[in-house]
Structures are given as structure tokens and as C-alpha cells.
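Commentary on secondary and tertiary structure
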Amino acid sequence: MSPAADAATRTARRSTRFVAWVRAWRAGLVPFDDLADEIAADEEHLVADAPGTWTDVPLGQGLPIFAKLHPDDIRLVLPVPGDPRGLPGPGPLTGAALLAGEALITPEFGVVPEVRRHTSGSGVEFETVVWRVLPAPEHRPGFQIGAAEAEAELTATLGEVTARLAKLDVAQWKPELAGALQALRRPESTATLPPGFDPRSRRLFARASVLDQVLALAETNAPGGAINGYEAQQRDEALRPLTAACRQALVAACNAPLHA
């Protein structure tokens, strides 16, 4: 399996699945009974601080908070420090979303994932994903580019970054990163969107999901060994615009208009 294809099998940003499937449900394109399983896959998911609840509840019991919302009022945001686009002003929701790097935003509230890691008595490690509901009164999202523009920008940025990494001779000290970025021109991806998204959004989501994982793997490579501190700095500077274009592509794909 290629590095890019292998990256696609890893856990993607959970908010992308959450937003896409909840929006498809609210558009009447998928049944509610399938929703929790599609979002959680093989993980345990809970909802915390949902209106009318006093404790954490299973995901399926928390999803009705979206029942009165229009699909276009349910938005994905992937903020980072210095780029809080899509978030309301300062407050608990914005702080939690920036810390997580992802969130689902509506005009009334936001939902932010928190991963809790546990170890069983027998030493087995496992995770629980808790979706915390936080108020966002009368929030209105700002302008967002469409899937076509996001796809064009991602393609152009990928070409520029690949060329810059070639000059840095990234293939010598990080061959898996160089190979994965080359493979992304025609990625094999298992990442999919639910019914209702057009072919361009599906293609963009599949490509950006693989790239997102490749970039996450690149960030885990600490300086040392085949790469020194200077090389790591040069790599990070080269990848920064690609990371931004990737986040923008995922947001554009998941927030794209839905069609019956």
C-alpha cells in the first residue's frame, strides 16, 4: 500500500464525518437510525452538556439537538491559532475549538470533540470520543470559498510545495513524505461523503482527507536522525501553505450545498 493510501486508513478529523452525516440527515437523504453508527464507526462516542441532559449520553441520544436545524446552518470549522475563521468571538466555544483544531458550528451552539484515553484493568488502551456542546448564540458564519475554488487552490499549492520540497531534497531525509505527496496527485482513498454531495465535493474530500493524514504524519517526525533542526524548520515552512489549503478544502467539501 502506498504511504498516501495507508494514511487514508487512519482516523480522520472526526468533525468531518460528524458534519457531513448530520447535514445529510437534515436534508432527508439518510435515515436517523444510521446516523450514530456512521459517525462513530468502531469508536465509542458520547455527547456532553446537551440541553436537557444531566450527564454524558450515547451519541444517538445527543443527535436530536440538530433536529430543527437546516443543513446549511450546520458547518464544519477547522481553526488554528491565527486563523479562527468560522468561529464566534472569544469565549469557551472558540477556545475549545482552537484547542481541538476542529468543531461543528450552528447559529445556536457548537460541538467540539474531546478524546479521552483509558487503560483497562488488563492493560488494554482504548479511547472515548466526547462531543461537548457549547453555546454560540446568534452566530452567523462568514464567507467561505466553494469546492471548485478550494480544489484549484489545493492543486496549485500541492504542486508548489512538492517542487519546494524537491529543492530541499526531502526525498533523502524523509522519503515517505516525498513519496506520499507525489502519490496524492492520484490518491487511492477510502474517505467518502454520505449521499447528497456532488462529485466535485466527493473528489475534493477524498483527496484532502489523504493529504490531511500525510501532513499529520509529517508533523510527528521530530528533529534528529536523518533530519536535523534546520531541515525540520525548512520542511515545516514549506508545508505550512499546503496545510492551510488542505484545511480549506475539507471545510469547502463538507459544507458544500447538498442535492437530492
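As shown above, the structure is provided for reference.
What comes next concerns the included structure. (Residues numbered from 1 in each chain as written. Predicted model: local features only at pLDDT ≥ 70, side-chain atom pairs only at ≥ 80, totals over all residues. Heavy atoms only, no water.)

**Things to note about the side chain of Ser15**
Of note, Ser15 is situated in helix H2 (residues 14-26). Setting aside residues up to four positions removed in sequence, Ser15 forms contacts with Leu76, Glu102, Ala103, Pro113 and Trp131. (Helix = DSSP H or I, 4+ residues; strand = E, 2+ residues; numbered from the N terminus. Contact = heavy atoms within 4.5 Å.)

**Focus on the pattern of salt bridges**
A side chain with one charge can pair with a side chain of the opposite charge if their charged atoms come near. Under the definition given, this model contains 15 salt bridges. When the shortest N-O distance is used, the salt bridge between Asp49 and Arg132 registers 2.7 Å. Of this pair, Asp49 sits in the loop between strand S1 (44-48) and strand S2 (57-58) while Arg132 sits in strand S6 (residues 125-135), and the two are 83 residues apart along the sequence. (Salt bridge = Lys/Arg side-chain N within 4 Å of Asp/Glu carboxyl O.)

**Digging into the sheet that holds strand S4 (residues 103-105)**
Taken in spatial order, the six strands of this open sheet run S2-S1-S6-S5-S4-S3, and their pairing is mixed. Only two strands of the sheet have a single partner each, and these edge strands are S2 and strand S3 (75-77). With two bridges joining them, S4 and strand S5 (residues 109-119) adopt antiparallel strand pairing. Within the sheet, the bridge partner assigned to Ile105 lies in S5 and is Gly110. Packing against the sheet, H2 makes contact with S1, S3, S4, S5 and S6, and its axis sits at approximately 55° to S6. (Pairing = 2+ DSSP bridges. Axes fitted to C-alpha atoms, helices over the stretch in contact; angles between N-to-C directions.)

**Thoughts on the packing of aromatic side chains**
Taken as a whole and judged by the stated rule, the model has four aromatic pairs. Here the aromatic rings of Trp25 and Phe32 are separated by 5.1 Å at their centres, their planes lie at 55°, and the arrangement is tilted. For Trp25, a relative accessible area of 12% translates into the label buried. Given a relative accessible area of 31%, Phe32 falls into the partly exposed group. Among the aromatic side chains, those forming a connected cluster through ring pairs are Phe18, Phe66, Phe109 and Trp131. The positively charged end of Arg26 is found above the aromatic ring belonging to Trp25, 5.1 Å away from the centroid. (Phe/Tyr/Trp six-rings, centres within 6.5 Å; stacked < 30°, edge-to-face > 60°. Buried < 20%, exposed > 50% of the residue type's maximum accessible area, 1.4 Å probe, protein only. Lys NZ or Arg CZ within 6 Å of the ring centre and 35° of its normal.)

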